[in-house]
There are 2 protein chains.
Amino acid sequence: MYDVIIVGAGAAGLTAAIYTCRKKLRTAIISIDVGGQTNLTSHIENYPGTGPMHGMELMQRFQNEAIGFGAELIMGKVNKVDKTEKGFKIGLANGEEYECKALILAYGKVPRSLGIEGEEKFMGRGVTTCVTCDAPLYKNREAVVIGGGNSAVEGALELATIARKVYLVHRRGTFRADEITVEKLKENKNIELVLNSVVAKIVGGKNVESVEVENIATKEKKFFKVDGVFIEIGYVVDTSFVQHLVKVNERKEIIVDERGNTSCPGIFAAGDITPVPYKQTVIAAGDGSKAALECYRWLTGGKGAVLDWS
Amino acid sequence: MYDVIIVGAGAAGLTAAIYTCRKKLRTAIISIDVGGQTNLTSHIENYPGTGPMHGMELMQRFQNEAIGFGAELIMGKVNKVDKTEKGFKIGLANGEEYECKALILAYGKVPRSLGIEGEEKFMGRGVTTCVTCDAPLYKNREAVVIGGGNSAVEGALELATIARKVYLVHRRGTFRADEITVEKLKENKNIELVLNSVVAKIVGGKNVESVEVENIATKEKKFFKVDGVFIEIGYVVDTSFVQHLVKVNERKEIIVDERGNTSCPGIFAAGDITPVPYKQTVIAAGDGSKAALECYRWLTGGKGAVLDWS
């Protein structure tokens, strides 16, 4: 039984963990990655106090601090939240369950999902949504990148400098990325383009071992032996698994008051999963701190939601 | 004519400046100090991403970044804000005036004022409210500390390690500080206790030259030749000079919506001057960023206040 479970390990979630841990609350962070959207910025220079650096480096610092103060980091995808007598039960895609007295939702936007077999099961175990974060793990290995936009094309190029072989699977025959980038793609000998095709399922034991790829036109199926699957098809808000507990707005973002209270006592939210209009690392961090302090106040007998939710 | 004037150079104001400057808005920061309340924390370890350091060092970094991105820093005390046809006119205690299209109020709590002659005039020119910040300027010089609480007593002790002579003027005959601290005070040969007394006025030319001290009981007056006056009598919210323009709550804090809009289009606020319940550096920084981005949105033709202020 944790005092607090924080879902998400971006700027909001990691800052919330720093604050709950310093209040001596037993804290777990559950996340599919560490760093969230900040990782995608290669040169962040508007986070005050640190000077310019890669977003991943900044998030690594946040992580080190959160863990240094005592947070436990659990890698996995939360897909179920239930209210219990004493708090909340959190279910993960891999079947694991955790319990907590209070919950802070800070998992931001999430990578758009393919909705295919094996995708959730192998998330963090070969399936990833961040080339910049995870490419270094695929030195001399084989991987597939899925998508047709700039992030997929640039991701494939970046990955091909490290991996031995990269399949780029795209459901159309042409790429939306800039022509000059597409030229580079075609010239790269480590990249095999698999067009008009989709990955139909991801297969493996403990980790990813292969993908089944289907040509949309011919219906022909192939298996590619790969160690990694990089899904690069954009980001979305996904609050489907908490909408029975918290109110969301028309964009499905979790509504919070100015302290991070949601409509459900004991559930707090911060960062890009809320309607905050400006998506900045320092803003997510500040709101993560508010949600954590409000969570502490609630756990120690303060009143719950401040706004009138009627 | 500045695009934006930011009043206050603490975490909220300096972060706002980083953001407005990066949006290429011509930005001035007007403040009586640099660092605000964060300066008072000798070991800040919950601001994510930097590791532990003195609050002053962290604020120095914020300042360097704001100035590096182009902010102008003007030292002085704002005591007048008027609406003009094109924006706002800002008046300082020293008589200087500046104009701007938009205004961000981020000056937090302010040191409680004595309300005596010379106090505002010499603010930043010998009169200061932060021993930790300014003690190093008084090496081998003479100064007076005013107050009787822990911050005054500890301030006098700190200052006495640097200054040649420190007068500690207190309106009562005993100190509220801990006995052990008061003992140290009495043993210190660089400190002269001036009890049952008040500083009646501060005198000088361009800078502080002396103070007139009056014994409350005997009405006897003395002049002490000093270079510095450290006022250490606590902090208060002071929005008296903007209440004709913006709505305040029962504690006189400036009411803002979740983006930093006040009730007056073109005026934004962030940090401890607002009702934000948790006074943390990272929260002030996050809200400073929001106010700056909302200010940019407003200056570039976005709508003003989002909340219904009726």
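Refer to the preceding data block for the structure.
Sequence order as written defines residue numbering, which begins from 1 separately in each chain. Think of it this way: whatever chain is written first is A, whatever ligand is written first is 1, and the rest follow in order. Given that the model is predicted, a residue must reach a pLDDT of at least 70 before its local features are reported, and side-chain atom pairs must reach 80 or more before they are shown or counted; all residues, however, enter totals for whole chains, interfaces and linings. For side-chain calculations, the full set of non-hydrogen atoms in the structure is used, while hydrogens and water are omitted.

Asker: Just to check I follow, could you spell out the packing of aromatic side chains for this structure?
Answerer: For this analysis, a ring pair means two rings from Phe, Tyr or Trp (six-membered ring only for Trp) whose centres lie within 6.5 Å, classed as stacked if their planes differ by under 30 degrees, edge-to-face if by over 60, and tilted for the remaining angles. The tally for this structure, following the rule as stated, stands at 13 aromatic pairs over all chains. Seen from their ring centres, Y47 of chain A and Y47 of chain B are 5.6 Å apart, and the 25° between their planes marks the pair as stacked. Of this pair, Y47 of chain A sits in the loop between β2 (27-31) and α2 (55-68) while Y47 of chain B is found in the loop between β2 (27-31) and α2 (55-68), placing the two residues in two different chains. Looking at Y47 of chain A, the relative accessible area reads 1%, which means it is buried. A ring pair is formed by Y167 of chain B and F224 of chain B, whose centres lie 4.1 Å apart and whose planes are at 5°; its orientation type is stacked. Numbering of helices and strands starts at the N terminus; helices are DSSP runs of H or I of at least 4 residues and strands are runs of E of at least 2. Only protein chains enter the calculation, and the probe is 1.4 Å; a residue is then buried if its accessible area is under 20% of its type maximum, exposed if over 50%, and partly exposed in between.

Asker: Could you clarify how one ought to interpret the sheet that holds strand β14 (residues 221-225) of chain A in this entry?
Answerer: By way of backbone hydrogen bonds, the strands of a sheet pair with one another, either parallel or antiparallel. Residues and elements named next belong to chain A. Between any two strands, at least two bridges found by DSSP are needed for them to pair. Across the sheet, which stays open at both edges, the three strands sit in the order β12-β13-β14 with antiparallel pairing between neighbours. The open sheet has two edge strands, β12 (197-204) and β14, and neither has a second partner. The mean angle between the axes of side-by-side strands here comes to 25°, regardless of whether they run parallel or antiparallel. Here strand β13 (residues 208-215) pairs with β14 via five bridges, running antiparallel. Bridge pairing in β14 links E214 to K221. Angles here are taken between N-to-C directions and fall from 0 to 180 degrees, while the axes themselves are lines fitted to C-alpha atoms, restricted in helices to the stretch in contact.

Asker: When you look at the side chain of T20 of chain B in this model, what are you seeing that I'm missing?
Answerer: Residues and elements named next belong to chain B. Inspection of the secondary structure puts T20 in helix α1 (residues 11-22). Exposure remark for T20: the relative accessible area of 0% places this residue in the buried category. Dropping the residues within four chain positions of it, T20 is found in contact with V4, I6, L25, T27, I104 and A292. Contact between two residues is taken to exist if any of their heavy atoms lie within 4.5 Å; hydrogens are not considered.

Asker: Please clarify how the state of the cysteines should be interpreted in this entry.
Answerer: Here a disulfide denotes one covalent bond, and it connects the sulfur atoms of two cysteines. Disulfides are defined in this document as cysteine sulfur pairs within 2.5 Å. Here the structure, examined in full by the defined rule, presents zero disulfides over all chains. Free of any disulfide, C264 of chain A has its nearest cysteine sulfur in C100 of chain A, 11 Å distant.

Asker: Even after reading the chapter, I still don't get the side chain of D3 of chain A, so can you show me in this structure?
Answerer: Residues and elements named next belong to chain A. On the secondary structure map, D3 appears in strand β1 (residues 2-7). Look at D3 and you get buried, because its relative accessible area is 15%. Polar contacts, as used here, are pairs of N or O atoms within 3.5 Å; protein pairs need one atom able to donate a hydrogen and one able to accept it. Residues neighboring in sequence count only if both atoms are side-chain atoms. Of note is the side chain of D3, whose polar atom sits 2.7 Å from the backbone nitrogen of R26. The residues contacting D3, other than those within four sequence positions of it, are K24, L25, R26, C100, K101, A102 and L299.

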